[in-house]
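Understanding the architecture of this molecule
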Amino acid sequence: MLFKNFHASTIARIACLLPTLAMVPTLEAATPTSLSLEKSTHQKIGGRGDNWTLTWAKDGSTLVTMDDGNWFSSSSNTYSHAIYRINYPSANSSNFSMSNVSRLTNYPTFSYKKSCSFGYGLLSVDGVIYSMVSRCSGVNWNQFYGMKLLKSYDNGNTWYRVDKNGGEDYMGAWDANRDSRDSSEYFFYKGKGHTHYDSAVGAMTYYPFVYNTFVQAGKDYQEGLNRDGYVYIYSPDPTHASKINLARVKHYELDVRANWEYFKYYDTSGNPVWTSNIDDRGVTHSLRRTDSSGNPISWYSGLPDVVYNKGLGKYIMVNGGMYAKTYNGTDAGKNNGSGSLTFHYSDNPYGPWKELRHIDHFTATSSTERTYQPKLDPKNISSDGTRMTLIWSDHAGPFSSNYYTFNQMQIKIGVDSDSGSGESGGSGGGTYVPPTVPSTGGPVVGSSAEAEKLALNGYSIENGSRIKVSSSAANATGSAQMSFGQDSGTYDINVKVLGEDDGQSTVKLYVNGKYIGTKTFPRKNAFSTLSFSGVALSKGDVIKLVGQKDGYATFARIDGVSFSQGGSTAQPEPTTPTNPTSPTNPTPTTGEIAGKTLSLNGYKIQSNGLIAVSTSASNGTGSAQLNFAQASGSYNVNIRALGEDDGQSTVKLYANGKYIGVRTFPRKAAYTTLSFSGVQINKGDVVKMVGQKDGGATFARIESISFASQGSSTPSAPSTGGGTSAGFNSSIEAEAMTLNGYSIESGDRIKVSSNSANATGSAAATFTGTSARYTVNVDAIAENDGQSTIELYVAGSRVGSKKLSRVARDETLSFNDVAINNGQEIKLVGRKDGYATFARIDKIRLGGGSGSISNPEPSAPTTPTSPTAGGGSSMDVEAEKMSLSGYRIEGGARIVLSSSASGGTGSASFSSTVASGSYDVVARVLAENDGQSQLSLYVDGAYKGQQTFPRVVGYRDLTFSNVSLKPGQTIKLVGKKDGYATFARVDKVTIQ
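This one's a predicted model, so the numbers in the text were calculated from it and none came from an experiment.

Of note, the amide linkage connecting Gly351 to Pro352 takes the cis form, showing an omega dihedral of 0°. Structurally, Pro352 is set in the loop between strand 24 (341-346) and strand 25 (354-359). One non-glycine residue, Asp126, lies in positive phi territory at about 50°. Locating Asp126 in the fold gives a position in the loop between strand 8 (117-125) and strand 9 (128-136).

If you want it as structure tokens, here you go:
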């Protein structure tokens, strides 16, 4: 969390003369030596409130939490907790008035003296806002027992509650669950606590990570993303508030608690050691327990605020102590003096920390003040880093309206030049600040360098001795950069790598931005050396290695690099063929061909001889392919597969890169044959199956593939990725479109083929549906090392462009109200962001249209099959057996709304066979992560309630409790889409 080498103003002058090298660790910095409070700048703004926590949002505004008050009232404590937005009138000043402030009215309403909810953790990261809400018992403030995590994708307009497994439920301003104390609603709930005896209230138990704050690092946390991609969270340790715990998690994995890691200790080199077991956590730093006279500081004080200061290249921590004789602080600030104020700094977000200034009793204008909860403004920091804005709370009186409000003042940091490594915490966490750093490129290297000492982006340090790609996303990349320190000449550049047996990573070499070549890792768990021969280098050249994972499995691990005199010339940049025919593919002849004999990628062979998708990732894929050896002709392709009873995998078929269709596995543990009829296959074609898991449960298991001839034909030219006849009326897979500059990846999406920076590709198809206005939804894959752009054209006219997020995830780009006529061409143009991203596209959907073009889902039967009763006291009804209106059957095993309209509805009905009584009606539904459908229940036309689907991909149960039923009554479910995106899918209903 701190600084190095040159003063920031010098850096600014140098930087304007040099090309930008994005996302390189801080190269020059300064060490703080003093800190002064500019009390003449003190301001009190607005009405009542405290605990002001700030984050700098993506739109440039600042979001602020407030507890126990109403910022627009000087006399009313309306809210226990709320969030406000500041739009500063000037980009160069922290001054504002309440006319620049607005409350987030759609944020859950936590009422004063009713919910006992308080907000201390707030973070905007890559366009997503997270709020951590601490809960206590009763209605008055006391120790916390749990933390709820709230999340917004749309800049605070809509909010979701996130459970510890990443499940999301919509939470409106007055949602009944906002004050729920159900443990399943919490992200952290109790845990292994520590009990203290308090003289005022007796025994009190404190719990870990129920009272937290996020580290702030630039606008929308971009400095944190540039550093290592981790989000850092501080929290008091239950054993004593002066002891601080620390957690970290990749920003795109924040909402799954199992992904969190906890600081354990610093190793002998000063690097942090992390553990996934919260009970094994250690103390990252200890704050003062008393003032210089021995007066104790209360539990409530043990929460620091940490902000990255880009001008200094340091992290600054502030902490305030409230003096109290009781541990819980019930008497804090009454007759014990104003609170303490302490500043620390560090090179790293995890420390170690060095104290910069301490004040036993901090006041701004009057000795009657009782200051507490100091914070730092993450936005309003001077360009040289020497001025920051301090914010704090005050409960003089206690809770005098004169002070109990938003207080701020400027602070000034004095610095000295730092020619060394400062108080570095070592190289852990993926960032290393070398002792000698030029103004371009990275650390200067001589004849060799360890990989962990290079300037890293998208790489993290592993075991202190090598680097690995940080991202968990498929085919993710990372870079390691250095400046060449030897004499000019021709060299062999030797990269020592660690191969893996479950795939083959690649590494690309660039010199001063010029592509030199690509090398492929061996497929074995062993170290090896990849050499780039005859590379012309000059002293000071910037050398960059870009490693790329092979799907999800490998991590492009690099141990080091060395240079030796060489003589040959560098190889040209490779081109990417549209449909390569792998020479290693097996070439079977006829009959049933076992899956385990095929060329596998992302599949593994099981002990029973079947192949199964190997990744543990939700909805992961694998492919199995062969070179077709029979005569050219029309064939029925039969895939022998093993279904599972906890979900439905799918398998897609391709012939020489051309998409043929998709089939869905049955939802039962039994063998089945999935057939594709009348497929034209030429001798020598590459036939590929791509299996996809259903969430995390199934594994798309395949036993064999066989081909039944339907007649021979003249071989046709291989397809280039969709041909000129690609057409659709509601949706189309990207790989089935006509491709130019795009290639098919993993069999089920496309990526820009070129390795060049900012390269483009296009995918086109002809619209064959009804002329109208549509929402064009482009399902794409965002990446965490850049932001690709997708442009939409209709009949040659540009409609607009959208930029993908800088986070590894699937997301949808929507172009609204687009006029499209039958027969017009729809074209997508994807553009890479530099070298790193590939503008990956999965499919296009019009107006929420669903289903496969080549293989539409079966429609609902005209006459429903009578439901099967489960006896007089219960019954189970499969949705596809119900009487359907506005629903159709999907995959033979569930129902989906057939309407393409926004907010479309449908119904599914059946007759009750249970005895008269009160029952729970449980609907098994398939939720989606791009919206939240709704399901309403009616009995003989009487409305019984409504349930909202969670915002998560997977099967969930929606329960209507205590429903009175009689035999023969009509039970009806009415599903409603969430806009265009979701389809209110229902699997079955259980009455119990």
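Both the distance between ring centres and the angle between the ring planes are used here to describe each pair of aromatic rings. Throughout the structure, instances matching the rule amount to 39 aromatic pairs. Each ring, one from Trp71 and one from Phe406, has its centre 5.2 Å from the other, and the planes form 35°; the classification is tilted. Of the two residues, Trp71 sits in the loop between strand 4 (62-70) and strand 5 (79-86) while Phe406 sits in strand 28 (residues 406-417), which places them 335 residues apart along the sequence. Taking 6.4 Å as the distance between ring centres and 65° as the angle between the ring planes, the aromatic pair formed by Tyr234 and Trp353 counts as edge-to-face. Here Trp353 lies in the loop between strand 24 and strand 25 and Tyr234 lies in strand 17 (residues 230-237), a separation of 119 residues in the sequence. Grouping residues by exposure puts Tyr234 and Trp353 together as buried. Among the aromatic side chains, those forming a connected cluster through ring pairs are Trp52, Trp71, Phe72, Tyr84, Tyr88, Phe96 and Phe406. Sitting over the face of the ring of Tyr230, Lys250 holds its NZ or CZ atom 4.4 Å from the ring centroid.

For a regular strand, side-chain orientation follows a simple rule: the groups alternate between the two sheet faces. Most of strand 34 (residues 477-484) sits inside the fold, with 8 of its 8 residues counted as buried. On strand 34, burial covers both faces: Thr477, Ser479, Gln481 and Ser483 on one face and Gly478, Ala480, Met482 and Phe484 on the other are all buried. Of the strand pairs in this sheet, strand 29 (residues 444-445) and strand 34 are connected by 2 bridges, and their pairing is parallel. From the neighbouring strand, Val444 faces strand 34, where its bridge partner is Ser483. Strand direction decides the pairing type here: strand 31 (residues 455-457) and strand 34, joined by 3 bridges, are antiparallel. Looking across to strand 34, one finds that Asn457 is bridged to Ser479.

Now for the sheet that holds strand 24. Spatially, 22-23-24-25 is the arrangement adopted by the 4 strands of the open sheet, whose pairing is antiparallel. Each of the sheet's edge strands pairs with one partner strand only, and the pair in question is strand 22 (305-309) and strand 25. This sheet shows a mean twist of 20° between the axes of neighbouring strands, independent of strand direction. As defined by bridge partners, strand 22 adjoins strand 23 (residues 314-319) across 5 bridges and the pair is classed as antiparallel. Each residue of the ladder has a partner; that of Tyr308, found in strand 23, is Tyr315.

With antiparallel pairing, 5 strands are arranged side by side in an open sheet as 65-68-73-70-71. Looking along the sheet, the strands with just one partner apiece sit at the ends: strand 65 (883-885) and strand 71 (942-948). When the angles between neighbouring strand axes are averaged without regard to direction, this sheet yields 20°.

What follows deals with the pattern of salt bridges. In the structure shown here, the tally under the stated rule is 29 salt bridges. Between Arg161 and Asp169 there is a salt bridge, and its shortest N-O distance comes to 2.7 Å. Residue Asp169 is classed as partly exposed on the basis of its relative accessible area, which comes to 26%. Between Lys314 and Asp347 there is a salt bridge, with the nearest N and O atoms lying 2.4 Å from each other. Of the two residues, Lys314 is situated in strand 23 and Asp347 in the loop between strand 24 and strand 25; the sequence distance between them amounts to 33 residues. For Lys314, a relative accessible area of 0% gives the class buried. In this structure, a network of salt bridges that share partners links the residues Glu462, Arg466, Lys468, Glu500 and Arg557.

Taken as a whole and judged by the stated rule, the model has 9 cavities of 30 Å³ or more. Approximately 180 Å³ is the volume attributed to the largest cavity. Around the largest cavity, the lining is made up of 18 residues, and of these Leu225, Gly229, Asn457, Gly458 and Asn784 lie nearest the centre. Residues of the lining of the largest cavity, tallied by class, amount to 4 nonpolar, 9 polar and 5 charged.

Conventions used here
Residues numbered from 1 in each chain as written. Predicted model: local features only at pLDDT ≥ 70, side-chain atom pairs only at ≥ 80, totals over all residues. Heavy atoms only, no water. Helix = DSSP H or I, 4+ residues; strand = E, 2+ residues; numbered from the N terminus. Phe/Tyr/Trp six-rings, centres within 6.5 Å; stacked < 30°, edge-to-face > 60°. Buried < 20%, exposed > 50% of the residue type's maximum accessible area, 1.4 Å probe, protein only. Lys NZ or Arg CZ within 6 Å of the ring centre and 35° of its normal. Pairing = 2+ DSSP bridges. Axes fitted to C-alpha atoms, helices over the stretch in contact; angles between N-to-C directions. Salt bridge = Lys/Arg side-chain N within 4 Å of Asp/Glu carboxyl O. 1 Å grid on protein atoms, 1.4 Å probe; cavity = no way out; pocket = protein on both sides within 12 Å on 5 of 7 lines; lining within 4 Å. Points joined across faces, edges and corners; volume = space filled by probe spheres on them. Nonpolar A, V, L, I, M, F, W, Y, C, P; charged D, E, K, R; others polar.

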